[in-house]
Amino acid sequence: MRKKSFITALLVSVMPALVSAGNISSIDTKGNIVMKVRIAKRGNDNIIIGSDYNGVVLATDYKGNIMWRTDVGHGSMNHDLWCADIDSDVKQEIFAANASGRVVCLDLKGNIKWTFTPYDGVHRTPMYSVCVVKKENKPYVVCGDFSTDCYYLDAVTGKLVQKLSSRDYSKAKVFKIDKKFNSLHIANFLRPIPLDGENDLLLLHGSNNHMQSSGEFYVMEPLTDNVLSYVAKPLKQKGTVGDVRVADPDGDGTYEVLFGSSVLNGNEFGRIEFSFYPDFLELAQSSDYSVIESQSVTQEVYYRHQLLHIREIESDKIRKLRQLAVLLLVSVSYLLYLFGLLPFP
């Protein structure tokens, strides 16, 4: 049976809010300016995890009670948060990618379990993205910083397992003159795509400049630089990708990648479909065949909204040009008549 994953554009809000009995209730964090929000599971209970502008991670229950606060940034913000159960105790851990160049792992009581830094030094590049992927039922923390590298860590100990350099697989083409900076990107977003109960794929959104470029999406086999498929320039307008989520909202086994555009005067949405063929692991390891292929028919679906919007704009421009041409013709004809060069019949 063929598994499928979709890439769909959607604006994703990070405002901390509760939905109860049809009402939306806000949570007073009592001084913390929350920038990131996740839901962590503790058995059958959900806990709201937030991160503020100064790198403080906090937890609240659904009644809005602050359970704990842990300062992991000491003035440096957390660029990304992730929650996953790494030791099969039905209590998820929390991972924060901090601008100080660290990844911090916390338990659900707010205690720091381990900290990872890719190298020692005063001036470290900011850690920007983090998630957890499984390979053969073993969890690995994946994180990326502004050095253009990603790091696979042992999820339990935080020890480095493998480094992934974007130069080994990046399709980025940004500079036409100084091409040495092409084929490099930072991991703007890292997300797992569940494949089965024991394996994930890694979805990586890479960007050479996360504030100017829409970048590329890569679907990768974990712990390798093997790109199974990629999508270049997911946004047709000039804009950047503001958030990325992977979810199965209708529970049909089809995972959808939701992402939102950060555009000053407009938003964009659409869809790119990947088809997942059976036994992909065996195929990926035994041949060079691309076991995940972008579907051209869904590319047409993805661009349909944009093409329609462009046609509407072009039609409006043509209508205005016609009106201007008629006005100009009438004005010139009247001037010619005044000077006796165009007698009326």
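Residue positions within a chain follow its written sequence, with the count starting from 1. At least 70 in pLDDT is required for a residue's local features to be given in this predicted model, at least 80 for side-chain atom pairs to be given and counted, and no such filter applies to totals for whole chains, interfaces and linings, which use all residues. Each side-chain value is worked out from all heavy atoms of the structure, with water and hydrogens disregarded.

## Some thoughts on the confidence of the model for the protein chain
Here is the rule: Confidence of the predictor at the level of single residues is given by pLDDT, which spans 0 to 100. The contact criterion used is simple: two residues touch if any of their non-hydrogen atoms lie within 4.5 Å.
Across the protein chain, the average pLDDT comes to 77, with 71% of residues at 70 or higher. The low-confidence segment residues 1–21 (pLDDT under 50) makes 69 contacts with residues lying over four places distant or belonging to another chain. Low pLDDT, under 50, characterises residues 277–315; the predicted model gives this stretch 57 contacts beyond four residues in sequence or across chains.

## Notes on the packing of aromatic side chains
To keep it simple, the criterion reads: When two rings of Phe, Tyr or Trp (its six-membered ring) have centres within 6.5 Å they constitute a pair, described as stacked for plane angles under 30 degrees, edge-to-face for angles over 60, and tilted for the intermediate range. A run of H or I in DSSP becomes a helix once it reaches four residues, and a run of E becomes a strand once it reaches two; helices and strands are each numbered from the N terminus. Categorising residues by exposure relies on relative accessible area from a 1.4 Å probe, with only protein chains included: less than 20% of the type maximum marks a residue as buried, more than 50% marks it as exposed, and the intermediate range marks it as partly exposed. Put simply, a charge is over a ring when the Lys NZ or the Arg CZ is close to the ring centre, within 6 Å, and near the line of the ring normal, within 35 degrees.
Across all of its chains, the model carries four aromatic pairs by this definition. On the numbers, 5.5 Å between centres and 85° between planes, the contact of Tyr 169 with Tyr 218 is edge-to-face. In this pair, Tyr 169 sits in the loop between strand S15 (160–165) and strand S16 (186–194) while Tyr 218 sits in strand S18 (residues 216–220), placing the two residues 49 residues apart along the sequence. Residue Tyr 169 shares its accessibility class with Tyr 218, and that shared class is buried. For Lys 138, the ring lying beneath its charged end belongs to Tyr 140, and the centroid distance is 5.6 Å.

## Structural notes on the sheet that holds strand S14 (residues 149–154)
Note the cut-off: At least two bridges found by DSSP between two strands are what make those strands a pair. Only C-alpha atoms enter the line fits that serve as axes; for helices the fit covers just the stretch in contact. Angles between N-to-C directions range over 0 to 180 degrees.
Read across the open sheet, the four strands follow the order S12-S13-S14-S15; overall the sheet is antiparallel. Two strands close off the open sheet at either side, each with one partner strand: strand S12 (127–135) and S15. Strand-to-strand, the axes of this sheet are offset by a mean angle of 20°, without reference to chain direction. When S14 meets S15, the two strands line up antiparallel, connected through five bridges. Bridged to Cys 150 within S15 is Leu 164.

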